[in-house]
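# Fold and geometry: a report
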Amino acid sequence: MSSYKVRKTPGNTEWFRHDRFGMFIHFGLYAMPARHEWIKSIEMMTDEHYQRYFDHFNPDMYDPKDWARQAKAAGMKYVVLTTKHHEGFCLFDSKYTDFKSTNTPFGRDIVREYVDAFRAEGLKIGFYYSLIDWHHEDFTIDSPHPKKMLPDALEQNKSKDMRKYAEYMRNQVEELLTNYGKIDILWFDFSYKTDTSCPEFARFPGKGKDDWESEKLIALARKLQPGIIIDNRADIEQDLWTPEQYQPTEWVRHKETNELVTWEACQTFSGSWGYHRDEMTWKSPEQLVGMLIKTVSLGGNLLMNVGPTARGYLDYRAEAALKVYADWMKYNSRSIYGCTMAEPEFTAPQNCLLTQSEDGKRLYIHIMDYPFKALEVDGLADKIEYVQFLHDGSELFYDDKIKVMTDGDTIEKANESGKVTILLPVVKPNILYPTIEIFLK
Ligand code: GLC
């Protein structure tokens, strides 16, 4: 058994740590301007201006069954959709607002169809729900808000009542957690401090648990969906630590107790969460698969994002990126599901990453840079039962007596170092990162 003890929290995180890989979906009106999901704030658009997107929202090619099929093929086991992002637009038929997909030309409850489609493919269902709301009249203007530069913003705030907004959120969370069956993850986003980077921003306080009334909000969610996993972004620590757009270099720990926690890195294929037509920093296949392996090798999960187009489909770049995962996961998922950080007794050979099954019986060496003929591994002497490549189940020979010459390409007898040498074919197998599977004694 894995010796790593993970901090216990109220939600049911066991399945989550087993499954390791999920799909994030950022979909909303911002898919139409197609230049970042924060566009309303970045370009400081008025509500009147933004209305044009609402009036023309019609993702006629929306086919969540197709999204779900692609997610499943990529090896993703759960999914999290933006039911409402910062713009305030709701993808579900809420009683408490008119600013929802059912009132657009599209006229459909996007959340309902999403839930049905992904559930049918066997994925666990998550809802992202933005705490920030740039549409609600009671949400006070602050530094992320589109109206942040208005000279009379503080004056305008006097007539707004965040208590009413907090109640609105509870009402909507109640709808989301009542009307769509079992929901496995609730992903709130996000809390922030005063931004002092410029005087116009510094006049606003940040927002956190008192503004959201997070305690009540979370209690409600827990009552409606016992076992649901909730992230930490409502400013009260819950189940899930969510490093965003960077890769931790070690297992994330609790700040006070130093315990290992359940964590999930969230990442984008390119630099934006919502569909961004002209953004060009798409990650390479090596980076994509590398991020997944790296994350699991540190005991974490990866939530990889797609931003569907305004027509409702995943564009060719997103499809290609998902295919990269599909091609690798088809053969290597055994080194991801049910796997975690390898026991400390094993050290990764140069240019390799390790994962190990939770039951401790299988060790995986992910070869990130394919070497010439052999890999020397510390800590394995007398522990090996059988070794093979994972992708094709072909046997690999190993020996604790042979040593790799440092001055040439030959291998000679007489290794005194106690290391085990795994012999590899000269030609790298036709797989992005070959993985060695070791059955341990
Ligand atoms: C940030 C951004 C947001 C995105 C989220 C995903 O908080 O505000 O656009 O939804 O990160 O983690």
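Residues numbered from 1 in each chain as written. Predicted model: local features only at pLDDT ≥ 70, side-chain atom pairs only at ≥ 80, totals over all residues. Heavy atoms only, no water.

## Examining the overall build of the chain
The secondary structure content of the chain amounts to twelve helices and 17 strands. Taken over C-alpha atoms, the radius of gyration comes to 24 Å for the chain, in line with the 22 Å a tight globule of 441 residues would show. Its C-alpha atoms give the chain principal-axis dimensions of roughly 80 × 45 × 45 Å. Buried residues in the chain amount to 57% of all 441 residues. Of the contacts made within the chain by residues no fewer than 6 positions apart, 71% connect residues no fewer than 24 positions apart. Of the roughly 18900 Å² of accessible surface on the chain, a fraction of 50% belongs to carbon and sulfur atoms. (Helix = DSSP H or I, 4+ residues; strand = E, 2+ residues; numbered from the N terminus. Rg over C-alpha atoms; globule rule 2.2 N^0.38 Å. Buried < 20%, exposed > 50% of the residue type's maximum accessible area, 1.4 Å probe, protein only. Contact = heavy atoms within 4.5 Å. Areas by Shrake-Rupley, 256 points an atom, 1.4 Å probe, with all protein chains shown as cover.)

## Focus: the pattern of salt bridges
Applying the stated criterion across every chain, the model contains 25 salt bridges. For aspartate 133, the salt bridge identified is with lysine 84, shortest N-O distance 2.8 Å. Note that aspartate 133 is positioned in the loop between β3 (124–130) and α6 (153–157) and lysine 84 in strand β2 (residues 78–84), a separation of 49 residues in sequence. For the salt bridge of arginine 170 with glutamate 213, the shortest nitrogen-to-oxygen distance reads 2.8 Å. Here arginine 170 is found in helix α7 (residues 162–178), whereas its partner glutamate 213 is found in the loop between α9 (209–212) and α10 (214–224), with 43 residues between them in sequence. (Salt bridge = Lys/Arg side-chain N within 4 Å of Asp/Glu carboxyl O.)

## A closer look at helix α4 (residues 64–73)
For α4, the complete set of buried residues consists of Pro64, Trp67, Ala68, Gln70 and Ala71. The buried residues of α4 occupy an angular sector of 165° when the element is viewed end-on, so they sit on one face. (Arc of directions from axis to C-beta.)

## Some details on the side chain of glutamine 356
Along the chain, the position of glutamine 356 falls in strand β9 (residues 352–357). A distance of 2.9 Å separates a polar atom in the side chain of glutamine 356 from the backbone nitrogen of glutamate 343. With residues up to four places along the chain from it excluded, the contact list for glutamine 356 reads Gly338, Cys339, Thr340, Met341, Ala342, Glu343, Phe346, Arg362, Leu363 and Leu440. (Polar contact = N/O pair within 3.5 Å; in protein donor to acceptor, adjacent residues only side chain to side chain.)

## Some points on the site of the ligand
Around the ligand, a shell composed of 14 residues is seen, among which His26, Glu37, His85, His86 and Glu244 lie nearest. Note that an oxygen atom of the ligand is positioned 2.9 Å from one of the side-chain N or O atoms of tryptophan 38. In this structure, histidine 86 approaches the ligand through a side-chain N or O atom, which is 2.8 Å from an oxygen atom. Computed on the free molecule, the ligand has an accessible area of 310 Å², of which 95% lies beneath the protein chains in the complex. Residue composition of the shell around the ligand, grouped by class: seven nonpolar, three polar and four charged. (Near = heavy atom within 4 Å. Nonpolar A, V, L, I, M, F, W, Y, C, P; charged D, E, K, R; others polar.)

## A few points about the nonpolar core
Ile25, Tyr114, Phe118, Phe127, Phe188 and Tyr325 are the most contacted members of the largest nonpolar core, which totals 99 residues. Looking at which domains feed residues into this core, each of domain 1 (14–337) and domain 2 (352–440) gives three or more. If we skip the residues at most four places from it in the chain, isoleucine 25 touches Trp67, Val79, Val80, Leu81, Thr82, Tyr114, Phe118, Asn305, Val306 and Pro308. Counting 21 residues, the second-largest nonpolar core is a separate cluster that includes Leu363, Tyr370, Val420 and Leu424. (Core = buried A, V, L, I, M, F, W, Y, C linked by side-chain atoms within 4.5 Å. Domains from an automatic or database assignment.)

## Here we look at empty space enclosed by the protein
Evaluation of the coordinates by the stated rule reveals one cavity of 30 Å³ or more. Roughly 110 Å³ of volume is contained in the largest cavity. If you go around the largest cavity, you meet 13 residues; those closest to its centre are Ser270, Ser272, Gly274, Trp282 and Gly307. Considering only residue class, the lining of the largest cavity consists of six nonpolar, six polar and one charged. (1 Å grid on protein atoms, 1.4 Å probe; cavity = no way out; pocket = protein on both sides within 12 Å on 5 of 7 lines; lining within 4 Å. Points joined across faces, edges and corners; volume = space filled by probe spheres on them.)

## Quick notes on the packing of aromatic side chains
For the coordinates displayed, the defined rule picks out 31 aromatic pairs. Geometrically, the ring pair formed by phenylalanine 139 and tryptophan 212 is stacked, given 6.3 Å between the ring centres and 20° between the ring planes. Linking phenylalanine 139 in the loop between β3 and α6 with tryptophan 212 in helix α9, this pair joins segments that are 73 residues apart in sequence. Like phenylalanine 139, the residue tryptophan 212 is buried in the burial classification. Here the guanidinium or amino end of lysine 40 rests over the ring plane of tyrosine 50, the centre of that ring lying 5.4 Å away. One cation-aromatic arrangement involves lysine 207 over phenylalanine 139; the distance from NZ or CZ to the ring centre is 4.5 Å. (Phe/Tyr/Trp six-rings, centres within 6.5 Å; stacked < 30°, edge-to-face > 60°. Lys NZ or Arg CZ within 6 Å of the ring centre and 35° of its normal.)

## Structural notes on the sheet that holds strand β7 (residues 301–306)
Pairing is parallel across the open sheet formed by seven strands, whose spatial order is β5-β4-β3-β2-β1-β7-β6. Among the strands making up the open sheet, the edge pair consists of β5 (229–230) and β6 (264–268). Pairing analysis gives five bridges linking β6 to β7, with the strands arranged parallel. Opposite glutamine 267, over in β7, you have methionine 304 as the bridge partner. (Pairing = 2+ DSSP bridges.)

## Some thoughts on the domain arrangement of the chain
Size of an interface, as often reported, equals the accessible area lost when the parts are brought together. Taken as a whole, the chain is organised into domain 1 (14–337) and domain 2 (352–440). Here the C-alpha centroids of domain 1 and domain 2 sit 40 Å apart. Each partner contributes residues to the interface: domain 1 has 16 residues there, and domain 2 has 16 residues. By the criterion of area lost to domain 2, the three top residues of domain 1 are Ile293, Arg334 and Ser335, representing 39% of everything that side buries. On inspection of domain 1 and its partner domain 2, the count reaches one salt bridge. Close ionic contact of arginine 334 with glutamate 437 constitutes a salt bridge, the shortest N to O distance being 2.5 Å. Taken together, domain 1 and domain 2 are joined by five residue pairs in polar contact (both at pLDDT 80 or more). If you list the elements that add at least two residues to the side of domain 1 that touches domain 2, you get α11 (285–297) and α12 (316–332). (Buried area = accessible area lost by both parts, 1.4 Å probe.)

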